[in-house]
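Secondary and tertiary structure notes
Chain by chain, the residues run as shown.
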Amino acid sequence: SEIMALADVDAPPLTQISSKNNYMALMARSMYKSLEELAEDELRLAGLRINPENFNQSRSRYYTGLELQKLPGAEKIAITGLPASLKIQQFTFAPDEKSCAFVQVGEQGLSLWIINIDNGEARELVGPQLNATIGSPYLWGKDHKIYIRSKGDRGRISNKKELAKGPATQDATGTVAPARTYQDLLRNQQDETVFDHYAKSAIVAIDLETGHQKEILPEAIYKRLSLSPDGQYLLTEEVQKPYSYTLPYRSFPSRFN
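Fair warning: this is a prediction, and the values are worked out from it, not measured in the lab. (Residues numbered from 1 in each chain as written. Predicted model: local features only at pLDDT ≥ 70, side-chain atom pairs only at ≥ 80, totals over all residues. Heavy atoms only, no water.)

Things to note about unusual backbone geometry
We apply this condition: Strands are runs of DSSP state E lasting at least two residues, helices are runs of H or I lasting at least four, and both sets are numbered from the N terminus onward. A simple rule labels every residue: compare its accessible area, found with a 1.4 Å probe on the protein chains alone, to the largest value its type can have, and call it buried under 20%, exposed over 50%, or partly exposed in between.
Cis rather than trans, the peptide bond between Leu71 and Pro72 has omega equal to 10°. Its location among the elements puts Pro72 in the loop between β6 (65–70) and β7 (75–77). The residue after Lys241, namely Pro242, is reached through a cis peptide bond having omega 10°. Mapped onto the secondary structure, Pro242 falls in the loop between β17 (234–239) and β18 (254–256). Not every positive phi belongs to a glycine, and Arg59 is a case in point at roughly 55°. The backbone of Glu97 sits at a positive phi, close to 60°, despite the residue not being glycine. Inspection of the secondary structure puts Glu97 in the loop between β8 (88–93) and β9 (99–105). Classification of Glu97 by relative accessible area gives buried; the value is 4%.

Rendered as structure tokens:
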């Protein structure tokens, strides 16, 4: 029993302080993953490790409890309406610090939740349609808006093996040159198709007051998203073909828009 008590001890909570130092979040976490989580399916593509069931990075950490406190007095904010079984990722405070958001990890998808800091009310803003295989699945905007990477209604792709449509070829210059080696690279056209399926997402703008959703960018593989300081423009870095079989997706060609 003494050994089990040491093995099952809870890790210290993760603390996160808002940018204006008005609030602090404390998130509880466990030391170890369960056997069920370690046994989840995993795809290894282009340097990524993907959970094909919920479009998340495989075996990623999450938090099981959440507390909010006002600073500097550490007065607790009572939170209501949270999911019964919390699995929190990507917790952030809004720039105006009137609300905060987090991703709730589910077996079949990732949903986005919003907490009103004034009254502590939590609500689901977006159902299980987020894509977190590359980068953060959401981005705070201006004028009560938030932007998400949406996978829409796509589900797990069939894992049926297909015959190669042709040879996998690589060109060589004939000169000796040092090259790094990487894990989990693409190997053929079938890998490219699976990578596209899980990495692509549309960019959707959501009005926090009305809940109205509007697709502002079509489906593509967005490596990075960056909002201008005035909130009027969104800079994107979009992965382009041809894909490399010797480098991870971070080194694939990209286009800025």
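Having seen the model, we can carry on.
Focus on the pairing of strand β13 (residues 145–150)
Just so we agree on the cut-off: Paired strands, as defined in this entry, are two strands with at least two bridges between them according to DSSP.
With five of its six residues buried, β13 lies for the most part within the structure. Here strand β12 (residues 138–140) runs beside β13; their pairing, made up of three bridges, is antiparallel. Across the sheet, residue Tyr138 finds its bridge partner in β13, namely Ile148. Connecting the antiparallel pair β12 and β13 is a turn made up of four residues, with Asp143 showing a positive phi of about 55°. In terms of strand pairing, β13 meets strand β14 (residues 201–207) through six bridges, oriented antiparallel. Among the inter-strand pairings, Tyr147 is bridged to a residue of β14, identified as Ala205.

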